Amino acid sequence: MTERITIFDTTLRDGEQSPGASMNVEEKLRMAWQLEALGVDVIEAGFPISSDEDFESVRTIAQKIRGPVIAGLARAVPQDIERAWDALHHAARPRIHTFIATSDIHLQFKLKKTREQVLEDSRQAVRLARRFCNDVEFSAEDATRSDLNYLVQVISAVVEEGATTVNIPDTVGYTIPAEFTRIIQTLRSRVPGIEHVTISSHCHNDLGLAVANSIAAIQAGARQVECTINGIGERAGNASLEEIVMALNVRTDILPYSTGIHTEQIYKASQLLTNITGIMVQPNKAIVGKNAFAHEAGIHQDGVLKNKLTYEIMKPESVGIKQTTLVLGKHSGRHALKARFEEMGYILNRIELDKAYKLFTRLADRKKEIFEEDLMAILQDGLREIPETYALRLVQSLAGNPKAATATIVLEKSGQILVQSANGDGPVAAAYEAIDGITGLKGTLADYTIHSITSGADAVGEVFVHVDFGGKKFTGRAASTDIVDASARAYVHALNKAVHAREREGFAQTEAAV
Ligand code: KIV
Ligand code: ZN
């Protein structure tokens, strides 16, 4: 008999807080649909008081995603809790998640409060949250560096006030499994009424122990784990959802616990997050890394050919990585493309297929073989409903050392051809300067990532950019066999999002004025 573990996904809150991972409302919603398909029990959608955009994300997700519990974060202060409830109250199953630090270091230097004050704030916060909502989670930030007797006191108080989940965060990724086990066991033995609430773990990965600590917490009695897709999050990240879930799946012999996760959706969730944020997973990342199922050494290959069990503890298909049967190239038709997408788990309607096929043929003209990564890129960028206000028609660049680079850009806008040349430190900077010159919109490059998504001399380079237009950041992504072309396309992609957002804002203001 297995015991059920609640999977609380905080990709859209703690994950999104990490540098370069910010997502807009539409991107968060897309991710939330996938988290629902993945089968997570709780989606922490954001921190409503932190910004208007975060409020809007939580509100939208609460309205549209009806399966999982939707949680919103709030500090242990009335304004935060009220704002969280404003964003959450439409949810089918809302949860207010309130937190305050309990370690002396945080009390003395950050909060400048005494233990008595923090104890009282914790009580008041949970009491207020319970007036709005039956499902209230309390987190004792930096719990693992807190005095254990004081932690018992705070957790006892919030359980008495009606918290339904008590979360024990290892905020700075400091604990180790044996110590974390002892903390959870102490709470279980000393907090009155703890048997009626869910104990939760929330581990950061500063020492690379987040997953091990989460598993230790489960073994010690926690029945909820907080985690993120690809392990993204503050600093070294949070415990990785896919690693915890697959550890429970693979080691049922010693871990008699189950989750509601549809593991075959894991890879899709990982890829979607990468595509939205541009944050790549390292090739050797467990479960979802490019090499996670690759066998390179001769001895290993020989073993796997004789029997996969020699070196494989789980099947790639179990996390949604398909062994491809159809190879696509220049001569593949619409049917083959449709079938390949279906093999990957995507059913396209006629309009989507037409659009995807157009993008596919454009890529196939430049590239011998089209891989799953290429198709994912087509799917996740090409089919999005961002109007192509500016279409890139030509990029020409000249670079050399020690001469400065120049680039000429041709953009098309509403049938009009616009041309500009510019100089820059390199061909990419020159191309961006030329694009800004045409549009009159000054973009500041906040982040730029390039990597190769396929191998060989005709490899496709993929570029992700975060560009700040007028104080708001937009992500852009493009793939091409020419990296200056990919860089320019990624920039234009972000530009079109910025133009679209401005138009929508203008429209909303006009609507409001009417
Ligand atoms: O790491 C942490 O302590 C947190 C809390 C807000 C749960 O993210
Ligand atoms: Zn955290």
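Before reading further, recall that the structure is shown in the block above.
Throughout this document, residue positions are counted from 1 along each chain, in the order its sequence is written. To read the labels, note that chains go from A and ligands from 1, taken in the order they are written. Residue-level local features of this predicted model are given only where pLDDT is at least 70; pairs of side-chain atoms are given and counted only at 80 or more, and the full residue set underlies all totals for whole chains, interfaces and linings. The side-chain numbers reported here are obtained from all heavy atoms of the structure, hydrogens and water having been left aside.

Caption draft 1: Looking closely at the overall build of the protein chain. Within the protein chain, the regular secondary structure consists of 17 helices and 18 strands. Each radius of gyration is computed over the set of C-alpha atoms, and the globule rule expresses the reference value as 2.2 Å times the number of residues to the power 0.38. The C-alpha atoms of the protein chain give 25 Å as radius of gyration, which agrees with the globular expectation for 514 residues (24 Å, within 12%). Judged by the C-alpha coordinates and their principal axes, the protein chain covers about 70 × 70 × 50 Å. Each of the 514 residues in the protein chain was classed as buried or not, and the buried ones make up 54%. Note on contacts: a residue pair is in contact if any heavy atoms of the two residues lie within 4.5 Å. Within the protein chain, contacts between residues at least 6 apart in sequence are counted, and of these 65% link residues at least 24 apart. With residues, only the protein chains shown are counted as cover, and all accessible areas are computed by Shrake-Rupley using a 1.4 Å probe. Carbon and sulfur atoms make up 52% of the accessible area of the protein chain, which totals about 23,200 Å². Each helix is a run of DSSP H or I of at least 4 residues and each strand a run of E of at least 2, with the numbering of both proceeding from the N terminus. A 1.4 Å probe rolled over the protein chains alone gives each residue an accessible area, and that area as a share of the maximum for its type sets the label: buried under 20%, exposed over 50%, partly exposed in between.

Caption draft 2: Structural view of the environment of Leu248. With respect to the helices and strands, the residue Leu248 is situated in helix α10 (residues 241-250). As a C-alpha pair, Leu248 and Ala399 span 151 residues in sequence and 53 Å in three-dimensional space. Dropping the residues within four chain positions of it, Leu248 is found in contact with Ile5, Ile215, Ile218, Leu255, Tyr257 and Thr259.

Caption draft 3: Here's a closer look at helix α3 (residues 52-64). One less than the number of residues in a helix, times 1.5 Å, gives the span that helix is expected to have. The end-to-end C-alpha distance of α3, which contains 13 residues, comes to 18 Å, matching closely the 18 Å that a straight helix rising 1.5 Å per residue would cover. Within α3, the full set of buried residues consists of Asp54, Phe55, Ser57, Val58, Thr60, Ile61 and Ala62. In the core, the buried residues of α3 are packed alongside α1 (11-15), α2 (25-38), β3 (42-46), β4 (69-75) and α4 (78-88).

Caption draft 4: The site of ligand 1, seen in detail. In the vicinity of ligand 1, the residues found are Arg13, Asp14, His97, Phe99, Ser139, Glu141, Asn167, Pro169, Thr171, His202 and His204. The separation between an oxygen atom of ligand 1 and a polar side-chain atom of Arg13 is 2.9 Å. When the free accessible area of ligand 1 is taken as 260 Å², the share hidden by the protein chains comes to 95%. Each residue is assigned to one of three groups, with Ala, Val, Leu, Ile, Met, Phe, Trp, Tyr, Cys and Pro labelled nonpolar, Asp, Glu, Lys and Arg labelled charged, and all others, Gly among them, labelled polar. Residues of the shell around ligand 1, tallied by class, amount to two nonpolar, six polar and three charged. We define proximity as follows: a residue is near a molecule or strand when any one of its heavy atoms falls within 4 Å of that partner. Under the rule applied, a polar contact is a pair of N or O atoms within 3.5 Å (in protein, one hydrogen donor and one hydrogen acceptor; residues adjacent in sequence only if both atoms are side-chain atoms).

Caption draft 5: Structural context of the sheet that holds strand β14 (residues 405-413). DSSP-based pairing: two strands are paired if at least 2 bridges between them are found. Spatially, three strands are ordered β13-β14-β15 in an open sheet, and the strand pairing comes out antiparallel. What marks the edges here is a single partner per strand, and that holds for β13 (391-398) and β15 (416-424). If you compare each strand with its neighbour and ignore which way they point, the axes differ by 15° on average. Lines are fitted to the C-alpha atoms to define the axes, a helix being fitted only along its stretch in contact, and any angle between axes, read from their N-to-C directions, falls within 0 to 180 degrees. Its contacts with the sheet place helix α16 (residues 427-439) against β13, β14 and β15, and it is angled at close to 40° to β14.

Caption draft 6: Representation of the pairing of β15 within the structure. Sheet analysis places β14 next to β15, joined by nine bridges and oriented antiparallel. The residue of β15 that forms the bridge with Lys413 is Gln416. Linking β14 to β15, which pair antiparallel, is a turn of two residues; within it Ser414 sits at a positive phi near 45°.

Caption draft 7: Summary view of the side chain of His466. Within the secondary structure layout, His466 lies in strand β17 (residues 461-469). Those residues in contact with His466 that sit more than four places away from it in its chain are Gly20, Thr277, Thr444, Leu445, Ala446, Asp447, Lys473, Phe474 and Thr475.

Caption draft 8: Up close: the packing of aromatic side chains. Working definition: rings of Phe, Tyr and Trp (its six-membered ring) pair if their centres are within 6.5 Å, and the pair is stacked with planes under 30 degrees apart, edge-to-face with planes over 60 apart, and tilted otherwise. Counting across every chain of the model gives five aromatic pairs. Look at Trp85 and Phe132: their rings are 6.0 Å apart centre to centre, the planes differ by 15°, and that puts the pair in the stacked class. Of the two residues, Trp85 is situated in helix α4 and Phe132 in helix α6 (residues 115-132); the sequence distance between them amounts to 47 residues. Phe132 gets classed as partly exposed once you look at its relative accessible area, which sits at 29%. Following the ring pairs from residue to residue traces out a cluster consisting of Tyr432, Phe469 and Tyr491. The cationic tip of Arg145 hangs over the ring face of Tyr174; the distance from NZ or CZ to the ring centre is 6.0 Å. Any Lys NZ or Arg CZ found within 6 Å of a ring centre and within 35 degrees of that ring's normal is scored as a charge over the ring.

Caption draft 9: The arrangement of the sheet that holds strand β18 (residues 472-480) in detail. Read across the open sheet, the three strands follow the order β16-β17-β18; overall the sheet is antiparallel. Looking at which strands have only one partner, the edges of the open sheet turn out to be β16 (443-452) and β18. Between one strand axis and the next, the sheet turns by 15° as a mean value, whatever way the strands run. Where β16 meets β17, nine bridges bridge the pair, whose relative direction is antiparallel. Directly across from Tyr448, in β17, lies its bridge partner Val465. Sheet strands touched by helix α11 (residues 266-277): β17 and β18. Its angle to β17, the strand with the most contacts, is close to 50°.

Caption draft 10: The arrangement of the pairing of strand β2 (residues 6-9) in detail. Of the pairings in the sheet, the one linking β2 to strand β9 (residues 224-227) comprises four bridges and is parallel in character. Within β9, the residue paired with Thr6 across the bridge is Gln224. Taken together, the two bridges between β2 and β3 define a ladder with parallel strand orientation. Following the sheet pairing, Asp9 is matched in β3 by Ile43.

Caption draft 11: How the structure looks around the side chain of His204. Within the secondary structure, His204 sits in the loop between β8 (198-203) and α9 (210-220). Here the side chain of His204 touches His202 through a polar contact of 3.2 Å, side chain to side chain. With residues up to four places along the chain from it excluded, the contact list for His204 reads Asp14, Asp170, Thr171, Gly173, Ala210, Glu234, Arg235, Gly237 and Asn238.

Caption draft 12: Up close: the environment of Ala140. One can find Ala140 in strand β6 (residues 136-141). Separated by 27 residues in sequence, Ala140 and Asn167 have C-alpha atoms that sit 6.7 Å apart. Beyond its immediate sequence surroundings of up to four residues, Ala140 is in contact with Ile100, Thr102, Leu151, Ile155, Asn167 and Pro169.

Caption draft 13: Quick look at α9. Burial of α9 is extensive: nine of the 11 residues sit out of reach of the surface. Taken as a whole, α9 has its buried residues at Ala210, Val211, Asn213, Ser214, Ile215, Ala216, Ala217, Ile218 and Ala220. Against β7 (165-170), α8 (177-190), β8, β9, α10 and β10 (257-258) lie the buried residues of α9. Just past α9, the residue Gly221 takes up positive phi, approximately 125°.

Caption draft 14: Seen up close, the packing of α2 against α11. One can describe the packing of α2 onto α11 by two numbers: an axis separation of 9 Å at closest approach and a directional angle of 170°. Between α2 and α11, the interaxial angle falls into the category roughly antiparallel. Contacts between α2 and α11 involve Glu27, Arg30, Met31, Gln34 and Leu38 from the former and Ile266, Lys268, Ala269, Leu272, Leu273 and Ile276 from the latter. Any angle from 65 to 115 degrees is called roughly perpendicular, while one under 35 is roughly parallel, one over 145 is roughly antiparallel, and all others are oblique.

So, to be careful, I would describe these as geometric facts and stop short of saying anything about function.
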